[in-house]
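An overview of the molecular structure
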Amino acid sequence: MTPASDEAVPEHTPVAVPEFYIPATLSTLEHWPRMLKHGDTFALFDRHGDIINTTKGPGGIFHEDTRYLSRFYILIDGYRPLLLSSQLQDDNAVLTVDLANPDIYRGDELIMTRETLHIVRAKYLWDGACHERIAIHNFDTTERRAKFSLHFAADFADLFEVRGIERAHHGTMRTEFSGPDCIVFHYMGLDGVERNTRLRFSPQPSSLSEAGAVYDLTLAPGQRWPCFVTIQYGTELPAKPLHFLSGLRLARQTLRKRAANSATITTSNEVLNQVFCRSIADLTMLMTDTPQGPYPYAGIPWFSTPFGRDGIITAMQMLWLDPTIAMGVLKFLAATQAKTVDTASDAEPGKILHEMRRGEMARLGEVPFAHYYGSVDATPLFVMLAGRYFERTGDLATIASIKPNIEAALAWMDTFGDPDGDGFVEYRCKAENGLGNQGWKDSQDAIVHEDGTLAESPIALVEVQAYVFAAKRAAARLFRALGDARRANALENEARRLRARFEEFFWCPDLGTYALALDRDKKQCRVVTSNPGHALFSGIADPGRAALVAKTMMRRENFSGWGVRTMSSNAARYNPMSYHNGSIWPHDNALIALGLARYGLKDAALAIFSGFFDALHYMDDMRLPELFCGFPRRRSCAPTLYPVACMPQAWASAAPFSFLEAALGLSCDFARREIRFDHPRLPHFIDEVCIRRLKLGDAHIAVRLARHNGNVALNVLEREGDVRVVVVN
């Protein structure tokens, strides 16, 4: 076939790409399906456990937003081994890979038939190092000779470079051999920070170079040969790493201890049990210790760092199972709250952090995210979480310790957040290279009018007004508990006035829902989206209108069969493959389900739960991704995945617990010493559910809920301490 001439090649219209757009030339999930995380480190490997051809995505070992290892793969006599199996253990601690040699030729001569040598790799992350054990077992009846080689490189690329941002200048690199078994790569960054990667091999290789280590093996029949590789990374490297088994014990103990804080759930559905176990394991892995307490990092690979909005919503979703997450989130965000005006980072006094980065580009200001405050919703969400945490735990000491931060957040809502004084909190990007849209739908084309034109800022989002309403009501309860009734009364009045103005300005009777936003001219963005579901979650919606919103969301153009789309298929900008204009987000649907349950709209909430349960059957490892495409559900077909979605993503991992919370109408009230089940329902795929170690202060219960004659019956299996169980039918 003759190649097409230049004249036959169609011209393409150039596309304006947003500065922090994540290119999707290849699917992250397809090429880098195996991941590990500990603390500020995450690693992405292919199914072989290798890091190879990182031009195809974000493979490698990353620490504090820098890739410390960009190549690491093994060969047998120059051949890549055959893959037998590859799995991440249930607790996410260890990646285990089984391999075998392929047919190996020397010229035309077959010198070793396939599956003679069995290779087992086990690797984990712990305390600034990736530990790997490689064992090669000769299953032949004769002696075998083989050249086993490990190939490696360290590029010290900033995560934002890996995401597609080009840099004109870099720092300098050098290599040091610290003996016949150890090599160190040094990178002196333009920020004046030296970053280092050390590879140590045991036993000592036959040869070691900048590109790899080689072992000349002679294996007797049945002989098993072990090799240990320790890869350390960071600005300072401990002289002696932990032994493989010692580190592994510590890693597993830490994960078990962290997971033990949570209530446990078992159901009559084994698939759902696997989902809950996977979600807890993923959330435990994403949890990172900070000086203020544990914080759920947002997601792997692009968002493995503190995000204000993500951390808060994840803590809300997990509040009924484990309130210690909320405590860590509140304290961390209080400690990082903005105190001054800094337009380069969109910071204003009282504003809550959006994102924090520690890589070279952030330190140099090449990206604005070192401490970036470009989110309009994190601040009211912070106050919302504080109120819900207090209601759940009665922990007045923590609330008193962050009272100045709550006051500063409220002041920001009334001043910087509402510069024109119209009562609505709005955003306008002030940083030169910051985010143009600053709600949770922050892609550049997410906030639009019905004809598809982009809304101009300042923009007041529907869900943000709902969050502000809930934040002021929550703050009123907190101030009342702290003995300031006057301030509490004032906040309650402000919330009532906001609710009235919200209904007046945002309701669209012909659409049967609330407008997506108000633009700079206070003109409604009359697009049917998922955002009004957050108005139900926050409780600002009029009950009669809430029912209409639910009816609208559950229409075919909005509910795909798997979940509620971010944007209606009837909208001008609808694209089921987009990030925010027609895709389906688990956390978004989880908040919608909680909102529906709040207004007693359980049928719709259960339909969403059922759609996601069905979708999970098709997800690798029973793990919900950050988002997936919004194509209509078709018989016997799987949901369509989004190519660069994070997986795991904290608020997606927490979504199944919110779906169950919505179905059961579950709430915990410390002041009343009461755990409440409000009109509990079970979806069709659950006959019974048991919840154990559900804590309220120093008390705890175990309960069983089961379907009985079309209703749900509850039995208290265990009760210790002062706590009541209340069922409302």
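Position numbers for residues start from 1 in each chain and track the written sequence from start to end. Only residues with pLDDT of 70 or above have their local features reported here, since the model is predicted, and side-chain atom pairs are shown and tallied only from 80 upward, although totals for entire chains, interfaces and linings are computed over all residues. By convention in this description, side-chain values take in all heavy atoms of the structure and omit both hydrogens and water.

Each packed pair of helices is defined by two parameters, the angle between the axes and the distance between the axes. Throughout, an axis means a line fitted to C-alpha atoms (over the contacting stretch in the case of helices), and angles, computed between N-to-C directions, take values from 0 to 180 degrees. Numbered from the N terminus, helices here are DSSP runs of H or I no shorter than four residues, and strands are runs of E no shorter than two. Contact geometry for helix α5 (residues 308-317) and helix α6 (residues 324-335): axes closest at 9 Å, N-to-C directions at 155°. The angle between α5 and α6 falls in the class roughly antiparallel. In terms of crossing hand, the pair formed by α5 and α6 is left-handed. Here G308, G311, I312 and A315 of α5 come into contact with α6, specifically with I325, A326, V329 and L333. Of the residues assigned to the contact of α5 with α6, the class counts are six nonpolar, two polar and no charged. An angle below 35 degrees is treated as roughly parallel, one above 145 as roughly antiparallel, one from 65 to 115 as roughly perpendicular, and anything else as oblique. Handedness of a crossing follows from how the near helix is turned relative to the far one, being left-handed for an anticlockwise turn of less than a right angle and right-handed for a clockwise one. Should any heavy atoms of two residues lie within 4.5 Å, those residues are counted as being in contact. Polar here means any residue other than Ala, Val, Leu, Ile, Met, Phe, Trp, Tyr, Cys and Pro, which are nonpolar, and Asp, Glu, Lys and Arg, which are charged; Gly is therefore polar.

Note on pairing: two strands pair once DSSP finds at least 2 bridges between them. Across the sheet, which stays open at both edges, the three strands sit in the order β28-β29-β33 with mixed pairing between neighbours. At either end of the open sheet lies a strand with only one pairing partner, and these are β28 (666-669) and β33 (724-728). In this sheet, neighbouring strand axes are inclined to one another by 20° on average, regardless of whether the strands run parallel or antiparallel. With four bridges connecting them, β28 and strand β29 (residues 674-678) associate as antiparallel partners. Within the sheet, the bridge partner assigned to D669 lies in β29 and is E674.

P203 follows S202 through a cis peptide bond whose omega is 5°. In this structure, P648 follows M647 across a cis peptide bond, with omega equal to 10°. Within the secondary structure, P648 sits in the loop between α16 (602-616) and α17 (650-653). Phi at N92 is positive, roughly 65°, even though this residue is not glycine. Tracing the backbone through its elements, the reader meets N92 in the loop between β6 (82-88) and β7 (95-100).

On to the confidence of the model for the protein chain, then. For the protein chain, the average pLDDT comes to 94, and 96% of its residues sit at 70 or higher. Contacts from residues 1-17, a stretch scored under 50 in pLDDT, to residues over four places away or in other chains number zero contacts. Confidence scores labelled pLDDT are given residue by residue by the predictor and lie between 0 and 100.

Turning our attention to the packing of helix α8 (residues 378-393) against helix α11 (residues 462-481). Contact geometry for α8 and α11: axes closest at 8 Å, N-to-C directions at 45°. Taken together, the axis directions place α8 and α11 in an arrangement best described as oblique. When the axes of α8 and α11 are compared, the crossing they make is left-handed. Within the contact between the two elements, α8 uses P380, L381, V383, M384, A386, G387 and F390 and α11 uses Y467, V468, A470, A471, A474, A475, L478 and A481. In terms of residue class, the contact of α8 with α11 is built from 14 nonpolar, one polar and no charged.

This part takes up α5. Note: α-helices contain 3.6 residues per turn, so residues at a spacing of three or four share the same orientation. Here's how the labels work: a residue is buried when its accessible area is under 20% of the maximum for its type, exposed when over 50%, partly exposed in between, all with a 1.4 Å probe on protein chains only. Judged by how many residues are buried, α5 sits mostly within the fold: ten of ten residues are covered. G308, R309, D310, G311, I312, I313, T314, A315, M316 and Q317 are the residues of α5 that are buried.

Turning our attention to the packing of aromatic side chains. Pairing of aromatic side chains requires ring centres within 6.5 Å, counting the rings of Phe and Tyr and the six-membered ring of Trp. Pairs whose planes differ by under 30 degrees are stacked, by over 60 edge-to-face, and all others tilted. Throughout the structure, instances matching the rule amount to 31 aromatic pairs. With a centroid separation of 5.9 Å and an interplanar angle of 75°, the aromatic rings of F148 and W225 are classed as edge-to-face. Placement of F148 in strand β12 (residues 144-153) and of W225 in strand β18 (residues 224-234) is noted, with a sequence separation of 77 residues between them. Judged by its relative accessible area of 0%, F148 falls in the buried class.

Here we come to the pattern of salt bridges. For side chains of opposite charge, pairing can occur when their charged atoms come near one another. Salt bridge criterion: a side-chain nitrogen from Lys or Arg within 4 Å of a carboxyl oxygen from Asp or Glu. Applying the stated criterion across every chain, the model contains 47 salt bridges. Measuring nitrogen to oxygen at the nearest pair gives 3.6 Å for the salt bridge that ties D103 to R114. With D103 in the loop between β7 and β8 (104-106) and R114 in the loop between β9 (109-112) and β10 (117-125), this residue pair connects regions lying eleven residues apart in the sequence. A relative accessible area of 25% means that D103 is categorised as partly exposed. With relative accessibility at 47%, the residue R114 sits in the partly exposed group. A salt bridge links R363 to D191; the nearest nitrogen and oxygen atoms lie 2.9 Å apart. With R363 in helix α7 (residues 360-364) and D191 in the loop between β14 (182-188) and β15 (194-202), this residue pair connects regions lying 172 residues apart in the sequence. Salt bridges linked by common partners bring D46, D50, R80, R121, K123 and E132 together as one network.

Our next topic: helix α15 (residues 586-598). In this model, α15 (13 residues) spans 18 Å end to end at C-alpha, consistent with the 18 Å of a helix rising 1.5 Å per residue. Taking burial as the measure, the 13 residues of α15 include twelve buried ones, the bulk of the element. What α15 keeps buried is the set P586, H587, D588, N589, A590, L591, I592, A593, L594, G595, L596 and A597. Turning to α15, the residues buried within the fold contact α5, α13 (532-538), α14 (543-553), α16, α17 and α18 (655-664). Two residues or fewer past α15, G600 is found with a positive phi of approximately 75°. Multiply 1.5 Å by the residue count of a helix minus one, and that product is the helix's expected span.

One open sheet accounts for four strands, arranged β1-β2-β3-β4; its pairing is antiparallel. Two strands bound the open sheet, and with one partner strand each, they are β1 (34-38) and β4 (66-69). The mean inter-strand angle of the sheet, taken between neighbouring strand axes irrespective of direction, is 25°. Direction of pairing for strand β3 (residues 60-63) relative to β4: antiparallel, over a ladder of three bridges. By the bridge assignment for β4, H63 is matched with T66.

In this section: a positive patch on the surface. Each patch is built from salt-bridge-free residues with over 30% relative accessible area, joining like charges within 9 Å and nonpolar side chains (Val, Leu, Ile, Met, Phe, Trp, Tyr) within 5 Å. For accessible areas, the Shrake-Rupley method is used with a probe of radius 1.4 Å. Any residue's cover is judged against the shown protein chains and nothing else. None of His or the chain ends enter the tally, which takes Lys and Arg as positive and Asp and Glu as negative. Throughout, a charge is located at the NZ atom of Lys, the CZ atom of Arg, the CG atom of Asp or the CD atom of Glu. On the surface, R473, R477, R499 and R598 cluster together into a patch of positive charge. Inspection of the secondary structure puts R477 in helix α11.

Within the secondary structure, Q232 sits in strand β18. Those residues in contact with Q232 that lie beyond four places of it in its chain are G128, A129, N196, T197, R198, R200, L237, P238 and P241.

Here we come to the pairing of β10. Burial runs high along β10: seven of the nine residues are buried. The pairing of β7 with β10 spans six bridges and is classified as antiparallel. Opposite V97, over in β10, you have R121 as the bridge partner. Alignment of β10 against strand β11 (residues 129-138), held across nine bridges, turns out to be antiparallel. Residue pairing for β11: A122 is matched across the bridge by R133. The hairpin turn running from β10 into β11, its antiparallel successor, is three residues long, and D127 in that turn takes a positive phi close to 55°.

A few words now on the environment of R623. Structurally, R623 can be placed in the loop between α16 and α17. Relative accessible area serves as the criterion here: at 4%, R623 is assigned to the buried category. Here the alpha-carbon distance between R623 and Q649, two residues 26 residues apart in the chain, equals 9.3 Å. Apart from residues no more than four positions distant in its own chain, R623 is found in contact with M35, L88, N92, R278, D282, L616, M647 and P648. Throughout this description, a polar contact denotes any pair of N or O atoms lying within 3.5 Å of each other; where both atoms belong to protein, one of them has to be capable of donating a hydrogen while the other can accept it, and for residues adjacent in sequence the pair is counted only when both atoms sit in side chains. Within the local environment of R623, its side chain forms a polar contact with the side chain of D282, the two groups lying 2.7 Å apart.

A few words now on the nonpolar core. Remark: nonpolar core denotes a set of buried residues (Ala, Val, Leu, Ile, Met, Phe, Trp, Tyr, Cys) joined through side-chain atoms within 4.5 Å. Ranked by internal contacts, the top residues of the largest apolar core, which has 169 residues, are F382 and I447. For this core, the element with the highest residue contribution is α11, accounting for twelve residues. Aside from chain neighbours lying at most four places away, what touches F382 is I312, L330, L333, A334, I352, I402, N405, I406 and A409. Formed by 43 residues, the second largest nonpolar core is a distinct cluster that contains I51, L95, I183 and F201.

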